[in-house]
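# Coordinate inspection notes
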Amino acid sequence: DDGSPPVVVPIEGTTPKIFRTILRYVYGEEVPPEIMGTIAADTETVHECKHIIDAADRYGIVGLKLATEAALVESMMITSKNVVDWLVFADSKTCPLLKEQATAYFLTRSRDILESESSKHLRESPELLTELMIQISTASSSDGGRFGVERIASVDELRKQLDEKGLDIDGSKEMLISRLRESNKGGRDD
């Protein structure tokens with residue numbers, strides 16, 4: 001101790017509780033028990049998980065982000081009233097597993113959801129809306145659309161294949177597919 005006052009480093013964009021969660025994970029890879037178990041359907045816990053994903057994404061803590069995303073998907077209660085919010089959130093935070101689940105729900109009720117008040121949020125994201133329209137078109141097409149087998153594979157399956165090859169498992173579904181294709185090309189060149 002040299003007698004100088006302690007230096008305060010402001011951490012903006014997160015709460016002390018969320019930042020403590022991040023520190024616990026970084027220093028011990030400990031995922032909070034409320035995330036590892038089934039997430040309570042209460043709004044506060046779900047809201048907290050969204051903040052953990054946001055902070056983990058911002059600080060590049062992939063393991064915590066993926067664990068929180070998986071726990072949300074495991075206990076998610078998607079409804080017609082919140083599916084658009086989940087789609088927009090998952091898309092903005094690159095949470096393909098969550099986006100896949102919300103998209104599946106959306107596809108089963110697309111007409112009602114598109115006619116609802118919540119669909120205005122989709123109009124604010126033309127790329128996401130276009131992607132959903134392609135999904136609707138592909139789902140109703142008898143030949144499965146113009147996409148290859150990788151498009152049909154779930155995010156979970158893609159992540160497992162990438163992990164087995166020792167490759168990065170974070171990113172959008174399109175990124176995961178691209179990474180897998182590149183690794184397969186590399187294997188054929190040998």
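Use the structure listed above.
Quick summary incoming for the structure in this document. For clarity, every value in this text was computed on a predicted model and none was experimentally measured. (Residues numbered from 1 in each chain as written. Predicted model: local features only at pLDDT ≥ 70, side-chain atom pairs only at ≥ 80, totals over all residues. Heavy atoms only, no water.)

A few words now on the pattern of salt bridges. This model, assessed by the stated rule, comprises 12 salt bridges. For K65, the salt bridge goes to D57, with nearest N and O atoms at 3.1 Å. E182 is the partner of K185 in a salt bridge, and the nearest nitrogen-oxygen pair spans 3.6 Å. In this pair, K185 and E182 both sit in helix 12 (residues 173-189), 3 residues apart, roughly one turn of the helix. Take E182: its relative accessible area is 47%, and that puts it in the partly exposed class. By sharing partners, the salt bridges in this structure join D54, R58 and K93 into a single network. (Salt bridge = Lys/Arg side-chain N within 4 Å of Asp/Glu carboxyl O. Helix = DSSP H or I, 4+ residues; strand = E, 2+ residues; numbered from the N terminus. Buried < 20%, exposed > 50% of the residue type's maximum accessible area, 1.4 Å probe, protein only.)

Running from amino to carboxyl end, helix 5 (residues 83-92) crosses helix 6 (residues 96-108) at an angle of 150°, the nearest separation of the two axes being 9 Å. In terms of their interaxial angle, helix 5 and helix 6 are classed as roughly antiparallel. Our pair here, helix 5 against helix 6, has a crossing hand that is left-handed. Note on element contacts: helix 6 touches helix 5 through L98, K99, A102, T103, Y105 and F106, opposite V83, W86, L87, F89, A90 and D91. (Axes fitted to C-alpha atoms, helices over the stretch in contact; angles between N-to-C directions. Parallel < 35°, antiparallel > 145°, perpendicular 65-115°, else oblique. Left-handed = near helix turned anticlockwise from the far one by under 90°. Contact = heavy atoms within 4.5 Å.)

Once that is clear, we can look at the environment of E124. Tracing the chain through its elements places E124 in the loop between helix 8 (120-123) and helix 9 (126-140). Owing to a relative accessible area of 61%, E124 belongs among the exposed residues under this scheme. C-alpha of E124 to C-alpha of V88: the two residues are 36 residues apart in sequence and 9.5 Å apart in space.

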